[in-house]
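Descriptive analysis of the structure
So the chains spell out like this:
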Amino acid sequence: MNSSTPESSPQSQAQNQPTNHLKRSMQTRHLVMLSLGGAIGTGLFLNSGGVIAQTGPVGAMLAYFIGGIIAYLVMLCLGELAVHVPDSGAFSTYATRFINPATGYMIAWLYWLTWTATLGTEFTAAGILMQHWFPQVSVWIWCAVFAAVIFLSNVFSTRVFAETEFFLAFIKVATVLIFIILGGCAIFGVMPGFQPAPLLHNLTAQGWFPNGLMPILVTMLAVNFAFSGMELIGVAAGETDNPGKTIPKAINAALLRLLIFFVGTIFIIAALVPFEQLGLTESPFVLVFERMGIPYAADIMNFVIITALLSTANSGLYAASRMMWSLSQQNMLPKTFSKLTRRGIPLNALMFSMIGGLASLLTSVFAAETIYTHLLSIAAFTMVVVWMSVAVSHYRFRKQFLAQGGQLSALTYRAPFFPVVPIAAFVLCFITCLGMAFDPSLLGGLIGCLLFIAGCYASYYKWYAPAQQ
């Protein structure tokens, strides 16, 4: 266990902070848009159609609602940890202190893998979508172009990154809001493309759960991955001005918006399009906009979805590089990865974290859809495991804090209903992981991730544990 105690105040943390520290330049609006930008991506714009097709309209709304609840429980745990111990190492730092150093090491690498794999999925998907306009240009060329753009967004300064992400996320949020408003009008027959008004007929036309309840469990991993990105609030805590105030505000604001966006969007899609017509081959947003008679619907949504993908990649590269920086700060990686530029950017960690993004270049050899599916399964599973570590870290933190004489009143922000919240978060995430074993297309990714976790523990005990004795 690290010698730092859980009752260490944020003030003492700041006093003991090394000179090689990250810049605190993010504000509440940056955090909210960072979390929204990380979460609103392919999970909503593309994969939602597949979820509805598998589970049925009511099943999909239930799945996304449960996914939102799970995300909220995890964020309550993370909020207490991030306010009391703001650190860009986030989950890794908390697991190291409140579980054990080996788990902290594993979680850092797992979260790094989550986002570096996500980089590959976003670049690949964006490259596929670009072929709508430029079918003669290979996918891997677009992957290389997008990788360069996202790298430049992150390399200048944290403020440039935050402002870029704010702009990209705003486009996505505005699109979802317009979609929900226009979709609501279409349901009641105000939009000319939907006559007569479909009302709520499509929601239960084939029964409440036409495919049974098991598909809900199987799709929960994809649903939870759709909410991934919320936890970026914890990563950004180390670069946030006044985290005691900004983090709780950002968590509450972002979660409320995400629930409205996700559940509201699924409701609109399911009400307007029979679920048998949905799938993964076309964005449900495009289907709905086309039926409304909106000109150039496919082109508009193609642009928005590409923007969404780049926004998620932008957040992902930021998160992955900060995990490497944190490992280096804890002497679990060479010090070269914690070196900062004059603008406070961990450049070496940033460059190394592009590995997953460069995996998208394999589309020059293999089918782009194959690369996308495998990278997505890896990113989804590892994200849920990281969420589980947050719940365990929060549970042990609170127990240690009280056992060492700490008073709850001393916590600037505390999760309610302890210990129910961390226990429920862990159990629900674990059940989500079990669903992966029932999907043959995800089984290979599951086995690969378990081997990666075992490799992390093995490498820690071989190289780093002896040095700390």
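Residues numbered from 1 in each chain as written. Predicted model: local features only at pLDDT ≥ 70, side-chain atom pairs only at ≥ 80, totals over all residues. Heavy atoms only, no water.

Broken down by element type, the protein carries 19 helices and zero strands. Counting all 469 residues of the protein, 59% fall into the buried class. Across the protein, contacts joining residues at least 24 apart in sequence account for 82% of those joining residues at least 6 apart. Within the structure as shown, the protein displays about 18,100 Å² of accessible surface, and the carbon and sulfur contribution to it stands at 68%. (Helix = DSSP H or I, 4+ residues; strand = E, 2+ residues; numbered from the N terminus. Buried < 20%, exposed > 50% of the residue type's maximum accessible area, 1.4 Å probe, protein only. Contact = heavy atoms within 4.5 Å. Areas by Shrake-Rupley, 256 points an atom, 1.4 Å probe, with all protein chains shown as cover.)

Residues M214, Y395, I423, F426, V427, F430, I431, L434 and F438 make up a contiguous nonpolar surface patch of about 810 Å² in total accessible area. Within the secondary structure, M214 is located in helix α10 (residues 214-227). When its relative accessible area of 47% is taken as the criterion, M214 is described as partly exposed. (Patch = residues over 30% accessible without salt bridge, like charges linked within 9 Å, V, L, I, M, F, W, Y side chains within 5 Å. Salt bridge = Lys/Arg side-chain N within 4 Å of Asp/Glu carboxyl O.)

Topologically, A126 is positioned in helix α7 (residues 101-130). A126 has contacts with F146, I306 and L309, leaving out every residue within four places of it along the chain.

In this section: helix α6 (residues 91-98). Burial of α6 is extensive: eight of the eight residues sit out of reach of the surface. For α6, the set of buried residues is F91, S92, T93, Y94, A95, T96, R97 and F98.

What follows covers the nonpolar core. If you look at the biggest cluster of nonpolar residues, it comprises 145 residues, and the most contacted ones within it are I40, F45, F91 and F123. At 18 residues, the largest contribution of residues to this core is made by α7. Excluding residues within four positions of it along the chain, F123 makes contact with C143, F146, A147, I150, A313, M354, G357 and S360. (Core = buried A, V, L, I, M, F, W, Y, C linked by side-chain atoms within 4.5 Å.)

Moving on: the packing of helix α8 (residues 139-155) against helix α14 (residues 297-329). At a minimum axis separation of 9 Å, α8 and α14 run at an interaxial angle of 50 degrees. Regarding the angle of α8 to α14, the classification is oblique. Read as a crossing pair, α8 and α14 show a hand that is right-handed. Contacts between α8 and α14 involve F146, I150, F151, S153 and N154 from the first element and I306, L310, A313, N314, L317 and Y318 from the second. Taken together, the residues that form the contact of α8 with α14 break down as eight nonpolar, three polar and no charged. (Axes fitted to C-alpha atoms, helices over the stretch in contact; angles between N-to-C directions. Parallel < 35°, antiparallel > 145°, perpendicular 65-115°, else oblique. Left-handed = near helix turned anticlockwise from the far one by under 90°. Nonpolar A, V, L, I, M, F, W, Y, C, P; charged D, E, K, R; others polar.)

The next point concerns helix α5 (residues 57-84). The first and last C-alpha atoms of α5 sit 41 Å apart over 28 residues, in line with the 40 Å expected at 1.5 Å per residue. In terms of burial, α5 is a largely internal element, 23 of the 28 residues being buried. (Expected span 1.5 Å × (residues − 1).)

It is worth spelling out the pattern of salt bridges at this point. Counting across every chain of the model gives one salt bridge. The closest approach of N and O atoms between E80 and R398, which form a salt bridge, is 2.7 Å. Residue E80 is found in helix α5, and its partner R398 is found in helix α17 (residues 368-403); the two are separated by 318 residues along the sequence. Residue R398 is classed as buried on the basis of its relative accessible area, which comes to 4%.

This paragraph deals with the state of the cysteines. Taken as a whole and assessed by the stated rule, the structure comprises zero disulfides. Lacking any disulfide linkage, C433 is separated from the closest cysteine sulfur, that of C429, by 7.0 Å. (Disulfide = S-S within 2.5 Å.)

Within the secondary structure, F179 is located in helix α9 (residues 158-187). With relative accessibility at 0%, the residue F179 sits in the buried group. The spatial distance from the C-alpha of F179 to the C-alpha of G264 is 9.6 Å, given a sequence separation of 85 residues. Dropping the residues within four chain positions of it, F179 is found in contact with T265, I268, I269, F285, V288 and F289.

Before going further, it helps to spend a moment on the environment of I52. For I52, the position within the fold is in helix α4 (residues 47-55). Taking the C-alpha atoms as reference, I52 lies 8.8 Å from I269; in sequence the two are 217 residues apart. Apart from the residues within four sequence positions on either side, I52 is in contact with P57, A60, I266, I269, A270, F275 and L278.

With that out of the way, let us pick up the packing of α5 against helix α18 (residues 420-436). Remark: α5 packs on α18, axes separated minimally by 9 Å, with the N-to-C direction vectors making an angle of 135 degrees. Between α5 and α18, the angle falls in the class oblique. Our pair here, α5 against α18, has a crossing hand that is left-handed. Counting all contacts with α5, which are made through I70, L73, V74, L76 and C77, the residues of α18 involved are V421, P422, A424, A425, L428, C429 and T432. Per-class residue counts for the contact of α5 with α18 are eleven nonpolar, one polar and no charged.

Cis geometry is found at the peptide bond from F418 to P419, where omega equals 5 degrees. Looking at the element boundaries, P419 is found in the loop between α17 and α18. At F417, a position not held by glycine, the phi torsion is positive, near 55 degrees. Mapping F417 onto the fold places it in the loop between α17 and α18.

Assignment of secondary structure puts T118 in helix α7. Beyond its immediate stretch of four places on either side in the chain, T118 contacts F225, T312 and A379.

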